[in-house]
Amino acid sequence: MSILIVEDEKKLVDILKIALKGERYSVDVAYDGEDGLAKATKNNYSLILLDIMLPKKDGLTICRELRAREIHTPIIMLTARGSEEDRVEGLNAGADDYLIKPFGLNELFARIRAVLRRRKKTDSDVSKVADLVMDRKKHEVTRSGVVVPLTPKEYKLLDILLSNYGEAINRRKLIDHAWGPSFEETNNELNVHIKYLRNKIDGNKSKSLIHTIRGVGFILKE
């Protein structure tokens, strides 16, 4: 398994490289945000260790840009900023976990294994909830065996809802996934597209799968 370290503290990078190689991971390194984004976009990594405070481009921006480009490589953010607001901001940007400096190597290894286990469980070509099926290889969605035609944005919204089955997804995360992190709503676009998606997925079905969580966003569950 290959890990990309995006970190400008060279002493920390040297320690992480030796430790990760000792755990039989292959390691690539970027010392600034622009190089990190370029490598994460070009290469296929199992996981990214991403510092927030970086020269040229910060880690939060990198994380948002990768998710907007449909790059779902697991990301663990590394930072000395440990407030609740900072952790929430990192997770909302698309990170899978958040590790506060200084940290022990055993904790880092445990978090890497946990993130990779979670991703292995959810990273499937086919997602199924009740009689709703998304086949990502075919780029096809069916309900009760009938193909449901979706627009690209409807497909993206359904994809993130299915990938986070049973979890409430906030509005900003849904917008970032479907439109990109720089998009700002002007005409309630998210609600409009969710309404269209609901009509196609739930329609006249007796069991609705897409639900509104007031003040938060939306959730897909039975």
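Every residue gets a number counted from 1 within its own chain, in the order that chain's sequence is written. Reporting in this predicted model follows two pLDDT cut-offs: at least 70 for local features of residues, and 80 or more for side-chain atom pairs to be given and counted; totals over whole chains, interfaces and linings ignore these cut-offs and use all residues. To get the side-chain values, all heavy atoms of the structure are used, and hydrogens and water are removed first.

(A) Region of the structure containing the domain arrangement of the protein chain. These domain boundaries are the output of an automatic or database domain assignment. We note that the domain assignment places domain 1 (1–120) and domain 2 (124–218) within the protein chain. Here domain 1 packs against domain 2, burying approximately 550 Å² in sum over the two surfaces, 50% of which is carbon and sulfur. Here's the idea: put two parts together, see how much 1.4 Å probe accessible area each one loses, and the total over both is what we call buried area. Considering only the side of domain 1, the residues that lose the most area to domain 2 are Ala68, Glu70 and Asn92, jointly responsible for 62% of the buried surface there. In this classification, Asp, Glu, Lys and Arg are treated as charged, Ala, Val, Leu, Ile, Met, Phe, Trp, Tyr, Cys and Pro as nonpolar, and every other residue, Gly included, as polar. Of the residues that constitute the side of domain 1 that touches domain 2, the class distribution is one nonpolar, two polar and two charged.

(B) Region of the structure containing helix α7 (residues 171–178). To sort residues, take the accessible area from a 1.4 Å probe on protein chains only and compare it with the maximum for the residue type: under 20% means buried, over 50% means exposed, and anything in between is partly exposed. Every helix listed is a DSSP run of H or I at least four residues long, and every strand listed is a run of E at least two residues long, numbered separately from the N terminus. Within α7, burial applies to Leu174, Ile175, Asp176, His177 and Ala178. We call two residues in contact whenever any of their non-hydrogen atoms come within 4.5 Å of each other. Contacts made by the buried residues of α7 are with α3 (59–68), α6 (152–163), β10 (169–170), α8 (189–201) and β12 (217–220). The residue sitting at the N-terminus of α7 and contributing the capping side-chain oxygen is Asn170; that oxygen lies 3.2 Å from the backbone nitrogen of Arg172. Once α7 finishes, Gly180 follows within two positions and takes phi at roughly 110°, a positive value. Within 3.5 Å is the distance limit for a polar contact, defined as a pair of N or O atoms, with the added protein rule that one can donate a hydrogen and the other accept it, and that residues adjacent in sequence qualify only through two side-chain atoms.

(C) Structural view of the nonpolar core. Among buried residues, the Ala, Val, Leu, Ile, Met, Phe, Trp, Tyr and Cys ones that are joined through side-chain atoms within 4.5 Å form a nonpolar core. With 24 residues, the main nonpolar core has Leu158 and Leu220 as its most contacted residues. Elements with a contribution of two residues or more to this core: β7 (132–135), α6, α7, α8 and β12. Per-element accounting of this core gives the leading share, six residues, to α6. What Leu220 contacts, discounting residues up to four positions off in sequence, is Val129, Leu132, Leu158, Leu161, Leu162, Tyr165, Gly166, Leu209 and Ile210.

(D) Representation of the packing of aromatic side chains. Here is the rule: rings of Phe, Tyr and Trp (six-membered ring for Trp) pair when centre to centre is within 6.5 Å. Planes less than 30 degrees apart are stacked, more than 60 are edge-to-face, and the remainder are tilted. Inspection of the entire model under this criterion finds one aromatic pair. On the numbers, 5.4 Å between centres and 15° between planes, the contact of Trp179 with Phe183 is stacked. The class for Phe183 is partly exposed, based on a relative accessible area of 22%. Note on criteria: charge over ring means Lys NZ or Arg CZ within 6 Å of the ring centre, with the direction from the centre no more than 35 degrees off the ring normal. The side chain of Lys10 reaches across the aromatic face of Tyr31, ending 5.2 Å from its centre.

(E) Focus on the UniProt feature "modified residue: 4-aspartylphosphate" (unreviewed entry) in the protein chain. UniProt positions are given in the numbering used here, feature names are shortened, and annotations may be inferred rather than shown by experiment. The feature "modified residue: 4-aspartylphosphate" (unreviewed entry), as given by UniProt, occupies Asp51 in the numbering adopted here. Tracing the backbone through its elements, the reader meets Asp51 in strand β3 (residues 47–51). When neighbours within four sequence positions are excluded, Asp51 is seen to be in contact with Val6, Glu7, Asp8, Gly59, Leu78, Thr79 and Lys101.

(F) The arrangement of unusual backbone geometry in detail. Put simply, Lys101 and Pro102 share a cis peptide bond, and its omega is -5°. For Pro102, the location among the structural elements is in the loop between β5 (97–100) and α5 (105–122). A positive phi angle is found at Lys56, which is not glycine, with a value near 75°. Within the secondary structure, Lys56 sits in the loop between β3 and α3. The class for Lys56 is exposed, based on a relative accessible area of 63%. Although it is not a glycine, Ser144 adopts a positive phi angle of roughly 55°. Along the polypeptide, Ser144 turns up in the loop between β8 (140–143) and β9 (146–147). You can call Ser144 partly exposed: its relative accessible area is 42%.

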